[in-house]
Amino acid sequence: MSPFIHLHVHTQYSLLDGAIRLKDLLETAKSYEMPAVAMTDHGNMFGALEFYDMAKKAGVKAIVGCEVYVAPRSRFDRQNRGENGVSTDEDRSYHLVLLAKDVQGYQSLMRLVSSGHLEGFYYKPRIDKEILRQHHDGLIGLSACLKGEVASHVLRNQEEAARKAAREYAEILGPDNFYLEIQANGIPEQTIVNDALIRMSREMGLPLIATNDCHYLRRSDARAHEVLLCIQTGKTILDEKRMKFHTDQLYFKSPEDM
């Protein structure tokens, strides 16, 4: 079997969302004989140096990344466009996974994440496509989860808008540096998105990549992760309307599982 590498992983540094400790992550990656593993926390690189040092000692190649939030318009825009000030789907920031493939990419990522906090912060640290154009050298982009821009358009039955977004990211990041990200996580909407992405890949010549959007280490950790989300959102585990992932598949799967 060819080596499988997880490229979409949320650690303890995705605060109140990721439940994977670095030590456990690297031990598990090593036990699966994975030659490398990525760290892609939400909107920050707080753990990047610790991750790199620990991975080096463990004999695993560290791939430093970040799942950034992309403002739908400008990162400086802090206005809702919906009626009566109520935000619409188009007002929410989109997810985008960025991976550094070299030192230049690491520097680009630091500039983007810093800008997200210092210039684009509106509930979350946000970048936009303007600054991504300025600091894209050395980066690889993945279209991310169901909250990615491409997937969001697909789920709103706006496939032409999804294609436009995919073309734009591919143009910004350069040839062979943008991947359409498919997952098998048991979420019905993901199947709809996967079908569209596979079709788009064939028709547009964009490469596909399989990830698992790991938020916890083992499948048995899914319940504990629900509690973590409750703490984040100020809800109780008994609240049926609370934010939840509706799956127990977002764990650090073995190559065989993948």
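In case you missed it, the structure is sitting above this.
I will try to describe carefully the structure that is included in this document.

Applying the stated criterion across every chain, the model contains 15 salt bridges. Arg75 is the salt-bridge partner of Glu130, the closest N and O atoms lying 3.1 Å from each other. Taken together, the residues span a long stretch of sequence, with Glu130 in helix H4 (residues 129-134) and Arg75 in the loop between strand S2 (61-70) and strand S3 (94-100) at a distance of 55 residues. When its relative accessible area of 6% is taken as the criterion, Arg75 is described as buried. In this structure, Lys129 and Glu168 form a salt bridge, with 3.0 Å as the shortest nitrogen-oxygen distance. With a gap of 39 residues between them, Lys129 in helix H4 and Glu168 in helix H6 (residues 159-173) connect regions that are remote in the sequence. Since its relative accessible area comes to 16%, Lys129 is described here as buried. Classification of Glu168 as partly exposed rests on a relative accessible area of 25%. What emerges from the salt-bridge pattern is a single network uniting Lys129, Arg133, Glu149, Glu168 and Glu171.

Along strand S1 (residues 36-42), seven of the seven residues are buried, which leaves the element largely enclosed by surrounding structure. Residues Ala36, Ala38, Thr40 and His42 line one face of S1 and the alternating positions Val37, Met39 and Asp41 line the opposite face, and both faces are buried. As defined by bridge partners, S1 adjoins S2 across seven bridges and the pair is classed as parallel. Of the residues in S2, the one forming a bridge with Val37 is Ala62. With helix H2 (residues 48-58) bridging S1 and its parallel neighbour S2, the resulting β-α-β unit is right-handed.

Rules of the game
- Residues numbered from 1 in each chain as written.
- Predicted model: local features only at pLDDT ≥ 70, side-chain atom pairs only at ≥ 80, totals over all residues.
- Heavy atoms only, no water.
- Salt bridge = Lys/Arg side-chain N within 4 Å of Asp/Glu carboxyl O.
- Helix = DSSP H or I, 4+ residues; strand = E, 2+ residues; numbered from the N terminus.
- Buried < 20%, exposed > 50% of the residue type's maximum accessible area, 1.4 Å probe, protein only.
- Pairing = 2+ DSSP bridges.
- Right-handed = clockwise from strand over helix to strand, strands pointing away.

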